[in-house]
Amino acid sequence: LEQLGSFLRRQYLQGVEGGPLVSPEFPQSGELKVVSTKTSRTILSAQSLLRGLFPEAPEMDLEVLVKTPGGPDGDILIPNHGKCDRLRQLFHEEKKKVDSALLSTST
């Protein structure tokens, strides 16, 4: 992901006609929003991408950029079956299909 960040840096921060989308050294307040789930691997992935985008930035500054939603009500990145009847219905319908497909291939 750090290589992807470097690629994105070249595409969107360096040599862009009309200027970069965000400050190339480090984003100013409100220029960039990075949201991750609370899972450590997704937080580390976001930080790795940012390391490629802003290679000169101190590690602590990159860590502060990654925000995680607070509580299950604020987490829009993970499906919340408890709050949406239609999502729960679709989940169970698809789960039945997957389960039956797995059973048919294992016997």
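Look a little higher up for the structure.
Since the model is a prediction, treat every value here as computed from it, not as a measurement. (Residues numbered from 1 in each chain as written. Predicted model: local features only at pLDDT ≥ 70, side-chain atom pairs only at ≥ 80, totals over all residues. Heavy atoms only, no water.)

*Asks:* Got a minute to help me understand the nonpolar core in this structure?
*Replies:* The nonpolar side chains of soluble globular proteins are, as a tendency, buried together. Counting eleven residues, the largest nonpolar core consists of Leu13, Val22, Val34, Ala46, Leu50, Leu53, Phe54, Ala57, Leu62, Leu65 and Val66. Counting residues per element, the ones that place at least two in this core are helix H2 (40-53) and helix H3 (59-65). A total of three residues in this core trace back to one element, the largest contributor, which is H2. (Core = buried A, V, L, I, M, F, W, Y, C linked by side-chain atoms within 4.5 Å. Buried < 20%, exposed > 50% of the residue type's maximum accessible area, 1.4 Å probe, protein only. Helix = DSSP H or I, 4+ residues; strand = E, 2+ residues; numbered from the N terminus.)

*Asks:* Sorry, what's going on with the pattern of salt bridges here?
*Replies:* Applying the stated rule across the entire model yields five salt bridges. The closest approach of N and O atoms between Glu2 and Arg51, which form a salt bridge, is 3.5 Å. Of this pair, Glu2 sits in helix H1 (residues 2-12) while Arg51 sits in helix H2, placing them 49 residues apart in sequence. The salt bridge partner of Arg51 is Glu59, with a shortest N-O separation of 2.9 Å. For Arg51, a relative accessible area of 26% puts it in the partly exposed group. One salt-bridge network, held together by shared partners, links Glu2, Arg51 and Glu59. (Salt bridge = Lys/Arg side-chain N within 4 Å of Asp/Glu carboxyl O.)

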